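Here are the chains, one letter per residue:
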Number of protein chains: 2
Amino acid sequence: MNRLSRLVVLAASASMLAAPALAQDAQVIRTAEQLRDRAMAGSGAYSIVEAITTRFGPRPAGTASERAAAEWGVGYLRNEGFDNVRLQDFPLSAWSRGQESVEIVGRHAQPLAAVGLGGGQATPPEGIEAEAVVFETWQGLLDAPAGSLTGKIAVVLQDTIRAQDGRGYGSSSVMRFQGPTEAAARGAVGYVLRSLGTHDHRFPHTGATRVGEGTVPAFAISPPDADQIRRLVALNEGPIRLRLKSTAAFEAPGRSQNVIAEVRGRERPDEIITIGGHLDSWDQGTGAIDDAAGIAITTAALKLIADLPQAPRRTIRVVWWGAEEVSQPAPAQGLAGARAYAQSIEGEVARHVAISESDFGAGRVYGLSLPGGQADSDFQKAAMRVLTPIGVLWNPAPARGGGPDTGPSVALGVPAFQLAQDGTDYFDVHHTADDVIDRIDPKAMDQNVAAWAALLWLMADSDIDFRAGAPTP
Amino acid sequence: MNRLSRLVVLAASASMLAAPALAQDAQVIRTAEQLRDRAMAGSGAYSIVEAITTRFGPRPAGTASERAAAEWGVGYLRNEGFDNVRLQDFPLSAWSRGQESVEIVGRHAQPLAAVGLGGGQATPPEGIEAEAVVFETWQGLLDAPAGSLTGKIAVVLQDTIRAQDGRGYGSSSVMRFQGPTEAAARGAVGYVLRSLGTHDHRFPHTGATRVGEGTVPAFAISPPDADQIRRLVALNEGPIRLRLKSTAAFEAPGRSQNVIAEVRGRERPDEIITIGGHLDSWDQGTGAIDDAAGIAITTAALKLIADLPQAPRRTIRVVWWGAEEVSQPAPAQGLAGARAYAQSIEGEVARHVAISESDFGAGRVYGLSLPGGQADSDFQKAAMRVLTPIGVLWNPAPARGGGPDTGPSVALGVPAFQLAQDGTDYFDVHHTADDVIDRIDPKAMDQNVAAWAALLWLMADSDIDFRAGAPTP
């Protein structure tokens, strides 16, 4: 940047500071700034993560632990003074991994640090023992001809790339979800995947895989174990034989639930902004970053608003979605909690102003995206005035929703917004046994709450229609 | 330091550089420096760790994996040109952990990341379920009166302090070795320990506990799980109930073995300097830092000496000790490989010049200690002249031996020396599933080899009697 352009930028900054954006009342902006500053000084979000993860540990979808956490949540939210606190039940089959193991047998026999993929199927009791066919890349597996893996175990070693916005995982998660299907289609009897993680520690990552016909038992090995396979291949001393064992199964049909609470709007109570996170977790860790953090951030933000002397004009609703993680046997689908929530608002979509989820860990917020059409709007300028001082950039691309649980509602036409978190380290921990509260920096959570509380106030204490400027979907 | 004293130090350094220590031949020192520099440029030690950990994975004492690694070692050492390569068998009962679990039951039910202590006993098949009595400190358990833990599970949460020289572990390892005995003596039916680790990740640490009558089933939980127990206690919502399960057992009497190889001395072949590491590992990781690293460092150092045009005056022997890790049922004792080795030299102790082991990971060497009486000797000055440039300090306290496997030989009167490694991070990994080659920095291994090769040359190409100046034991 040369000196002249630097001066122009400085002048622009100064004028923005001097005059609030037109469509936003100065008092509204001041209140948003106060909420922001209050959160930065200590938001209480960390203690919500602490309560959920300490009391309930892992909370797999459809289990007694998830249910107990939800029921505790109802009491907690009522006690904190939220309105209209309730459970929203829906049917779900819990998945349980049982006992499982992956080992090299024969030459170079050794156990591997492995975990079954969520929703995966059991092996026969004696296990599946077969020769491994090792692919360095996912494309390598896709390029294998039909029948070329008959009786073999497909092993894919492709690494997941570290990226601030999670695009590494975004591009590699197909290896987990579709891998067992693609392997089966080529005749394989089992599937082993390098964990979708960005670290080099001995934590294997689980996560949902496709459920149903035409798949095979499937496991993820830790990154160091994937490198171990690579070294064994490089020895070039004959085939590698693996034995896979799992007693995984879906349990009898049961239920899961969303927890819903609100701060009722003072002027337009029927206009609803929905935020939240998901309460269920994988079974290995205690789901601190995935996603007690998201619940805590959004709930603490709404609590700061609830504690203001005056309610916002619109209603803000927080949802602790259930059953985000696991797929379901056909004909059911995944995201059962999000689908149940969307179904419940299907007849009233026009009243839903916007929706977003916090489901990308506990790292700091660094980006805001809004529904299409908001670029350069007065609202956007007001939002950036409040958020820029805590390190949030404007992302001009229209928001796609902050997390998976917004998907079914967005599909109905509810506008999405997103506060993007720094996920550089997220996949070091995500879906592993190491997803525990020790991974969370309380100050980063405060910054998240600051961004959410301030933005929510601007959205809720306004009459902006976020559909208005959006291009037709 | 003031200006004058700085000048004195500089002058002293200059004079040391100018004139080699008297009792050490200048050519001997030059060769030691060449060995040092050759190792720093690439020692080959990392590839030895890679071969052992890749080919054999975990190598628990007395197992087929430990045996296979030892047999491979014989071939490797012969192929590298070492003399007198052989196996030294001894009886051993392998210990196998079987299936195990630790969980909180009842209120706040959740699984914990836990591992059985090595040599520990099984629970009944249905497990042991009892109320936890939680002690913040080891002293707290010791202070509990006899009978006060009747029917309870003792839980000790004391943390292990990080320290460069490992003294944190030194002071806390009694909690693991004696804990089940002390708990049993007070009536407890089980024992749970905070892992003896310095990290906050979800890796529980195993390690040997006392075997025999008067103990109870015993487990270590990961540091985050210990903090979870602490948070549950702080909730003050009633007792914590635990369920412990283990099918651990000692297998039928079998064998383990030491691998022994030498570079024969050219003038005094009957005078022997013994170095080495241990080949066995715990079952969770692949024993990269504990202790393939020690084997690799000492073997690579000796290989550099073997490759010199002229052998050293004395014989240098490398031992890959077996069965360092696990205790044994009475009347046998632990350190079975080290005892077998000591027994084999019992009639020839006078010919054993010195002994040391590398068994503290793969961190850089930062300290040298020699047998008592060597402070300010010409040998010590020569050694420090060679080692100071690679970051090694003189430690004036007499050496106690570099690792557990030297103990039985030192007890016979063999002088000990030690190259102390920086263990600041050692207990982040030690005895966990994360003890894999990914934790090793090849350059730090090269520095270790440099220190060992140079020091060994000085010791072996001399006629110094390290008993001579030592105080009477």
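Refer to the structure above for everything that follows.
Residues numbered from 1 in each chain as written. Chains lettered and ligands numbered in written order. Predicted model: local features only at pLDDT ≥ 70, side-chain atom pairs only at ≥ 80, totals over all residues. Heavy atoms only, no water.

(A) View of the relation of the copies chain B and chain A. Expressed as a screw transformation, the operator carrying chain B onto chain A has a rotation angle of 180° and an axial translation of 0.0 Å, and the superposed copies differ by an RMSD of 0.0 Å. Both copies of the chain, as the preceding transformation shows, are related through a two-fold rotation axis. No C-alpha of chain B approaches the rotation axis more nearly than that of Phe203(B), which lies at 4.5 Å. A symmetric contact is evident, with 100% of the interface residues of chain B recurring at the interface of chain A. (Least-squares fit on C-alpha atoms with pLDDT ≥ 70 in both. Contact = heavy atoms within 4.5 Å.)

(B) How the structure looks around the sheet that holds strand β8 (residues 190-194) of chain A. Residues and elements named next belong to chain A. In spatial order, the strands read β4-β3-β10-β6-β7-β8-β9-β5; together these eight strands make up an open sheet with mixed pairing. Each edge of the sheet is formed by a strand with only one pairing partner; in this case those strands are β4 (110-112) and β5 (114-116). This sheet shows a mean twist of 30° between the axes of neighbouring strands, independent of strand direction. Note: strand β6 (residues 128-135) against strand β7 (residues 153-156), four bridges, orientation parallel. Bridge pairing links Val-134 to Val-155 in β7. Across the face of the sheet, helix α8 (residues 223-235) comes into contact with β3 (100-105), β4, β6, β8 and β9 (218-221) while running at roughly 140° to β4. (Pairing = 2+ DSSP bridges. Helix = DSSP H or I, 4+ residues; strand = E, 2+ residues; numbered from the N terminus. Axes fitted to C-alpha atoms, helices over the stretch in contact; angles between N-to-C directions.)

(C) Main features of the pattern of salt bridges. All names here are of chain A. If you walk through the whole model with that rule in mind, you get 69 salt bridges over all chains. Its salt-bridge partner being Arg-439, residue Asp-434 comes within 3.0 Å of it at the nearest N-O pair. When salt bridges with common partners are traced through the structure, they connect Glu-136, Asp-159, Arg-194, Asp-227 and Arg-230 into a single cluster. (Salt bridge = Lys/Arg side-chain N within 4 Å of Asp/Glu carboxyl O.)

(D) The interface of chain B and chain A, seen in detail. Of the residues lining the interface, 33 residues belong to chain B; the matching set on chain A comes to 33 residues. Of the roughly 2500 Å² buried where chain B meets chain A, counting both sides, 46% is carbon and sulfur surface. Three residues stand out in chain B for area buried against chain A, namely Thr54(B), Arg55(B) and Arg202(B), and they jointly supply 27% of the buried area on that side. Put simply, chain B and chain A have four salt bridges between them. The salt bridge involving Asp200(B) is made with Arg439(A); its shortest N-O contact spans 2.7 Å. Between chain B and chain A we count 18 residue pairs in polar contact (both at pLDDT 80 or more) in total. Residue assignment for the side of chain B that touches chain A shows that the elements contributing at least two residues are α3 (45-56), β4 (110-112) and α8 (223-235) of chain B. If one sorts the elements of the side of chain B that touches chain A by residue count, α8(B) sits on top with six residues. Of the residues contributing to the side of chain B that touches chain A, the split by class is 11 nonpolar, 11 polar and 11 charged. (Buried area = accessible area lost by both parts, 1.4 Å probe. Polar contact = N/O pair within 3.5 Å; in protein donor to acceptor, adjacent residues only side chain to side chain. Nonpolar A, V, L, I, M, F, W, Y, C, P; charged D, E, K, R; others polar.)

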